Amino acid sequence: MTANTYETGRLNLPFVGHSTFAKSPVCVDWDAIDADVAVLGAPNDMGTQWRSGARFGPRAIREASTLFSFGHAGAYDFEDDILYLTREDLRIVDVGDADIVHTDMQKSNANVEFAVRKLLEKGAFPLVLGGDHAIHAPVIKAFEGRGPIHILHIDAHLDFVDERHGVRYGHGSPLRRASEMDHVVGMTQLGIRNVSSSNRSDYQDAIEAGSKILSVRDVRRLGTEQVLALIPEGVSYYITVDIDGFDPSIAPGTGTPSHGGFLYYEVLEIIKALSKRSKGNIVGMDLVEVAPAYDPAGITAILAAQLLLNSLGYIFHDRRQA
């Protein structure tokens, strides 16, 4: 196994060098991707209805991720007694960002979809950094023909709005748009709560489309094992995480904070359990709505990076065990 890089080379501290995701190599030629995971930024926040700023989320998450890439030969978890994220077992590249055309949501969405399709063609796991949650619609559309896919959705909001004044691709609509796609066969939506979420008809439409909706209090009452039992088996899974699914006491840096949210391990343990049960059959992941302007201590971006890296560790470890 490769030793720590600082034993034979540069120390390469987190504040040194380029802020790629986890200090992974850059691959700007999308036809030459040779990696297990390709990290893509989708810095579009034109779908926001209140505070913008998530367009800078990918940069903030990349910078925060350098904290967890200090030359180590992997990430040892003493509770599991497993070394995750070794260079031999998981190759990550940072492919940069999809091009966003200001004020043109249609073109920007097309560019995001094109980018994700390129990653999938090369056999890489797409890890997409938003941007607001509107970016999920073109991301999941890129999986067309790769179903059946069940979406695990972590969020404070249902995101099942159909149309408002002709707008169908705002950040309140992506799960509705996903439900209309043939390769998406269901959703489990966790953390949905409180005011400013959706109206009664949106909830009814989501349930009719096959969605299982649980609030934060539902999840706490049931526990990880019973939540997992509600997620169908025998399909592939895609995970979409809105950072406002977490409580703003630990994730203030977002445009639409909602009190009463999840704590870190409540979400991570569900992802870990789903990965273990499915033997790592999670085909992609996005994390959205980190807005660094509202995150003065940087803790929201750090939370995002930590969740993503731990999730990758579990998914690719479980794949190797299959």
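Placed above this text is the structure.
Since the model is a prediction, treat every value here as computed from it, not as a measurement. (Residues numbered from 1 in each chain as written. Predicted model: local features only at pLDDT ≥ 70, side-chain atom pairs only at ≥ 80, totals over all residues. Heavy atoms only, no water.)

1. Here we look at the overall build of the protein
Test applied: Secondary structure elements follow DSSP: runs of H or I no shorter than four residues count as helices, runs of E no shorter than two count as strands, and numbering proceeds from the N terminus. Exposed residues in this analysis have more than 50% of their type's maximum accessible area, buried residues have under 20%, and partly exposed residues fall in between, with area computed by a 1.4 Å probe over protein chains only. Any two residues whose heavy atoms approach within 4.5 Å are treated as being in contact. Per-residue and other accessible areas follow the Shrake-Rupley method at a 1.4 Å probe size, with only the shown protein chains counted as cover for residues. When charges are counted, Lys and Arg contribute as positive and Asp and Glu as negative, whereas His and the chain ends are disregarded. Charged groups are reduced to one reference atom each: NZ for lysine, CZ for arginine, CG for aspartic acid, CD for glutamic acid.
Counting its secondary structure elements, the protein contains nine helices and ten strands. Considered along the principal axes of its C-alpha atoms, the protein spans approximately 60 × 45 × 40 Å. Taking all 322 residues of the protein together, 55% fall into the buried category. Contacts in the protein between residues far apart in sequence, at least 24 positions, make up 78% of those at least 6 positions apart. As displayed, the protein offers around 14,200 Å² of accessible surface, 51% of which is attributable to carbon and sulfur atoms. If the 30 positive side-chain charges of the protein are averaged to one point and the 42 negative ones to another, these points end up 1 Å apart.

2. Observations concerning the side chain of arginine 193
Rules: Basic side-chain nitrogens of Lys or Arg form a salt bridge, by our definition, when they fall within 4 Å of a carboxyl oxygen of Asp or Glu. The definition of a polar contact used here is a pair of N or O atoms within 3.5 Å, where within protein one atom must be able to donate a hydrogen and the other to accept one, and adjacent residues in sequence count solely through side-chain atom pairs.
With respect to the helices, strands and loops of the structure, arginine 193 is situated in the loop between strand S7 (184-190) and helix H6 (200-208). For arginine 193, which is buried and forms no salt bridge, the nearest opposite charge comes from aspartate 244, at a distance of 5.5 Å. A polar side-chain atom of arginine 193 sits 2.8 Å from the main-chain carbonyl oxygen of aspartate 244. Apart from the residues within four sequence positions on either side, arginine 193 is in contact with Asp155, Ala156, Val216, Asp244, Gly245, Phe246, Ser258, His259, Gly260 and Gly261.

3. Section: the pattern of salt bridges
Where side chains of opposite charge bring their charged atoms close, a pairing between them can arise. Applying the stated criterion across every chain, the model contains 20 salt bridges. For arginine 117, the salt bridge goes to glutamate 113, with nearest N and O atoms at 3.0 Å. Placement of both arginine 117 and glutamate 113 in helix H3 (residues 105-121) is noted, with a separation of four residues, approximately one turn of the helix. With relative accessibility at 26%, the residue arginine 117 sits in the partly exposed group. Here aspartate 162 ties to arginine 177 by a salt bridge, and the two come within 2.7 Å at their closest N and O atoms. Highlighted residues: aspartate 162 in the loop between strand S6 (149-154) and helix H5 (174-179) and arginine 177 in helix H5, separated in sequence by 15 residues. Here the salt bridges do not stand alone but share partners, grouping Asp162, Glu163, Arg168, Arg177 and Glu180 into one network.

4. A look at unusual backbone geometry
Across the chain, the bulk of peptide bonds are trans and the bulk of non-glycine residues have phi less than zero. A cis amide bond links glycine 130 with the next residue in sequence, glycine 131, at an omega value of 20°. Along the chain, glycine 131 turns up in the loop between strand S5 (125-130) and helix H4 (136-141). That bond from glycine 147 to proline 148 is cis: its omega, 0°, falls within 30 degrees of zero. Looking at the secondary structure, you find proline 148 in the loop between H4 and S6.

5. Regarding the packing of helix H8 (residues 264-278) against helix H9 (residues 299-321)
Basically, it comes down to this: Angular values range over 0 to 180 degrees, each being the angle between N-to-C directions of two axes fitted as lines to C-alpha atoms, with helices fitted over their stretch in contact. An angle counts as roughly parallel when it lies under 35 degrees, as roughly antiparallel when it exceeds 145, as roughly perpendicular when it falls between 65 and 115, and as oblique in every other case. Left-handed is the label given to a crossing in which the near helix is rotated counterclockwise from the far helix by less than a right angle, and right-handed is the label when the rotation is clockwise.
Contact geometry of H8 with H9 gives a least axis separation of 9 Å together with a crossing angle of 20°. Put simply, H8 runs roughly parallel to H9. The chirality of how H8 crosses H9 is right-handed. Facing Tyr264, Val267, Leu268, Ile271, Lys272, Ser275 and Lys276 of H8, the residues of H9 in contact are Leu303, Gln306, Leu307, Asn310, Ser311, Tyr314, Ile315 and Asp318.

6. Some points on H8
The test is simple: The span expected for a helix works out to 1.5 Å for each residue beyond the first.
The end-to-end C-alpha distance of H8, which contains 15 residues, comes to 22 Å, matching closely the 21 Å that a straight helix rising 1.5 Å per residue would cover. Burial in H8 covers these residues: Tyr264, Val267, Leu268, Ile270, Ile271, Ala273, Leu274, Ser275 and Ser278. On its buried face, H8 sits against S6, S7, helix H7 (216-229), strand S9 (236-242), strand S10 (282-288) and H9. Taken from the residues just after H8, lysine 279 is the one with a positive phi, measuring 55°.

7. Remarks on the pairing of S6
Note the cut-off: A pair of strands is treated as paired once DSSP finds two or more bridges between them. Handedness of a crossover is defined as follows: orient the strands so they point away from the viewer, and if the path from the first strand over the helix to the second runs clockwise, the crossover is right-handed.
A large share of S6 lies buried, amounting to six of its six residues. Taking every second residue as pointing to the same face, both faces of S6 are buried, with Ile149, Ile151 and His153 on one and His150, Leu152 and Ile154 on the other. In the sheet, S6 pairs with S7 via six bridges, with the strands oriented parallel. Residue pairing in the sheet places isoleucine 154 in a bridge with leucine 190 of S7. The parallel pair S6 and S7 is bridged by H5, and the resulting crossover is right-handed. Where S6 and S9 come together, six bridges link them in parallel fashion. Bridge pairing links histidine 153 to threonine 240 in S9.

By themselves, these are just geometric observations and shouldn't be taken as functional.
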